[in-house]
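A closer look at the structure
Given next are the chains, with one letter for each unit.
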Amino acid sequence: MFFSSTGRDDSYITYWPAYTLSNFGEIINYNGDRVEQSSSLSQTLFLALANKTSGLDMVLLGKLSSIVFGIACLIVVYRLALKINKKIALTAAFLAGTSQFLVYWSFSGMETTMTAFAGLLIIVTYANFLIKKNFSFMSLANACMATILFILVRPEEPIVLAFLTIGTFMLLLAKRRIKRGEPEEREYLNRQLSRLSILAGLSLSAIGALFLFRHWYFDSWFPQPVYAKSSGLSLASIKGGILYLGDLFMIQKAGPSALLLLLATAAFFFTLWKNRRMEKVTTPVILAAIYVFVYTAFVVFSGGDWMESGRLVVPFLPVVLIFIPLAVTYLPNIRKFFNPVMLTILLLAFSGTVYCMKISTGSPAWSRVTADFDISEYHWFERHNGQNLRDINILNNLKRAIADVAPRKDGPINLFSGEMGMVPYYIAKENYGKVKFLDRMGLTERTITGCNLLKPKKYRLGLNFPIDEYFDNKVILEEECGAIDPDIIYGLGIEKKGETINQNGYMVAYVQGSYTISGFLDERSVNSEEFVAIKKGL
């Protein structure tokens, strides 16, 4: 109700390959090439199957899927908490269900909640298989299915899974050494180590098969966004990751959720300290703790994220929140006040969700969205998202520009931009095979990332290749690297780009100004200084 439609338009980068798989039988990018423009193969396959079986629109399915997986996270949090301590299960699920970050991204249409769900499922299914007294093929099958979902959901997950397995193996070995005087307990731990070895072998096989498939089908080892964003491990990326996490602990930036995150972190380390001798620590707790450590390390080493509301911590946040009620159970003087304490924490989590309305890109479900341009053909979710609403107007004008240029242009119409979400999704859908895109951010096609003569810097959004740098290297790109010659340029920031565009043979045909949208707590200005420029002579 508070959010309705959140996040950015990056979700459309996944909607497109899901659309082509459902309708054309292959995963391709906007240009029709075998390039893995989506970072989530799991979401691509899921949406394609849902679209094929239901016939519902892809954008609607995308939005609904993030909501469904957000709800599914609560169910699996409850199941995981039950395995750890039955008394905390309901509280843990409520904490996850009211946490700002998880709720916010549940309405984004992105793969974020699917990633969180897949991580929780890995912990639960692995724990089930490891701790069962008798070997269970059903439990093994469940763990294998969770593994496949997990390694496909994000490019980093094979690495996360590998370190999760290694860390769990090492802690179980350490626990076995502590229990060397207890034959039954050692036999139980040996059984777990043996089963973990089976999971490790099967996971390694699945990861290998995934990389071989990617190389065979896409001629690439990783999704295209990895090549556009990742510059490898460096001190700068580590610093960026630390600063990113630090911002989430600052009240002025994250609101009341910063206090919840501080509390969860304190509870996490307090629980680990209480179990430092590992005499009573259970396998589900070991798996959960290692998962949190590994994913936190990934966030640090990857350099963090540019999107709002803690997107990169959502995959492990529900796991961390379980440690809050678990830590309370270790405090004998507070146990009798368990319910009041948990109610206070839940109110804190809920207040963070309300605060999030100030930074949300979505407007409340009850808000009335008005615009001085036609928005009738777009989804309710799109009309309630400030970023999508911004793009609808430029999209309408870009459609008119394409229709105007088409009679005077032989062959496909070439477009150049760094905006590769909602706009190219609808343009490609209506003009498939009749348009070609040159992506200056390098997220959806390989022209710039594959040009060895150019080495643009990489950052969180993709390639740092501004339009003036493009024009400086335009001849090299076209003659040496096979880049298309743009007929139309569109994007953001006309004030800084207008003169450059005009000097390089293009005429600005349309400029869109900023506008305000009504939020729950205030009215916010949306930067919508988008433009459409057409090559002179067309």
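All values reported here derive from a predicted model rather than from experimental measurement. (Residues numbered from 1 in each chain as written. Predicted model: local features only at pLDDT ≥ 70, side-chain atom pairs only at ≥ 80, totals over all residues. Heavy atoms only, no water.)

With that out of the way, let us pick up the pattern of salt bridges. Enumeration over the complete set of coordinates arrives at 17 salt bridges. Residue Asp485 pairs with Lys535 through a salt bridge whose shortest N-O separation is 2.6 Å. In this pair, Asp485 is assigned in the loop between helix H21 (474-480) and strand S5 (488-492) and Lys535 in strand S9 (residues 530-535), connecting sequence segments 50 residues apart. The network of salt bridges with common partners includes Arg390, Asp391, Glu419 and Glu530. (Salt bridge = Lys/Arg side-chain N within 4 Å of Asp/Glu carboxyl O. Helix = DSSP H or I, 4+ residues; strand = E, 2+ residues; numbered from the N terminus.)

To continue, consider the state of the cysteines. A full pass over the atoms with the stated rule returns one disulfide. The disulfide that involves Cys451 links it to Cys481, with 1.9 Å between the sulfurs. Taking the torsion about the sulfur-sulfur bond, which here is approximately 45°, the covalent link between Cys451 and Cys481 counts as right-handed. One end of the pair, Cys451, is in the loop between strand S2 (435-439) and strand S3 (457-459); the other, Cys481, is in the loop between H21 and S5, and 30 residues separate them in sequence. The class for Cys451 is buried, based on a relative accessible area of 1%. (Disulfide = S-S within 2.5 Å. Buried < 20%, exposed > 50% of the residue type's maximum accessible area, 1.4 Å probe, protein only.)

Before going further, it helps to examine the nonpolar core. Judged by nonpolar contacts, the single largest core of 88 residues is most densely connected at Tyr291, Phe316, Val319, Leu321, Ile322 and Phe323. Leaving out residues up to four positions away in the same chain, Tyr291 has contacts with Thr115, Gly119, Ile123, Phe150, Val160, Leu164, Pro315, Phe316 and Val319. The next biggest cluster of nonpolar side chains, apart from the first, holds 59 residues, and it includes Leu398, Leu454, Ile489 and Ala533. (Core = buried A, V, L, I, M, F, W, Y, C linked by side-chain atoms within 4.5 Å. Contact = heavy atoms within 4.5 Å.)

Most of S5 is tucked away: five of the five residues are buried. Sheet topology places strand S1 (residues 413-417) next to S5; two bridges connect them, and they run parallel. Within S5, the position partnered with Leu415 by the bridge is Ile488. Strand direction decides the pairing type here: S5 and S9, joined by five bridges, are antiparallel. When the sheet's bridge partners are listed, Gly491 is paired in S9 with Phe531. (Pairing = 2+ DSSP bridges.)

Another aspect to go through is the pairing of S1. Summarising burial for S1: five of the five residues are buried, a large majority. Alternating residues of S1 divide into Ile413, Leu415 and Ser417 and Asn414 and Phe416, and every residue in both groups is buried. Here S1 runs beside S2; their pairing, made up of five bridges, is parallel. Bridging from a neighbouring strand, Asn414 pairs with Lys436 of S2. As for the winding sense of the linkage, the β-α-β connection from S1 through helix H19 (residues 422-430) to S2 is right-handed. (Right-handed = clockwise from strand over helix to strand, strands pointing away.)

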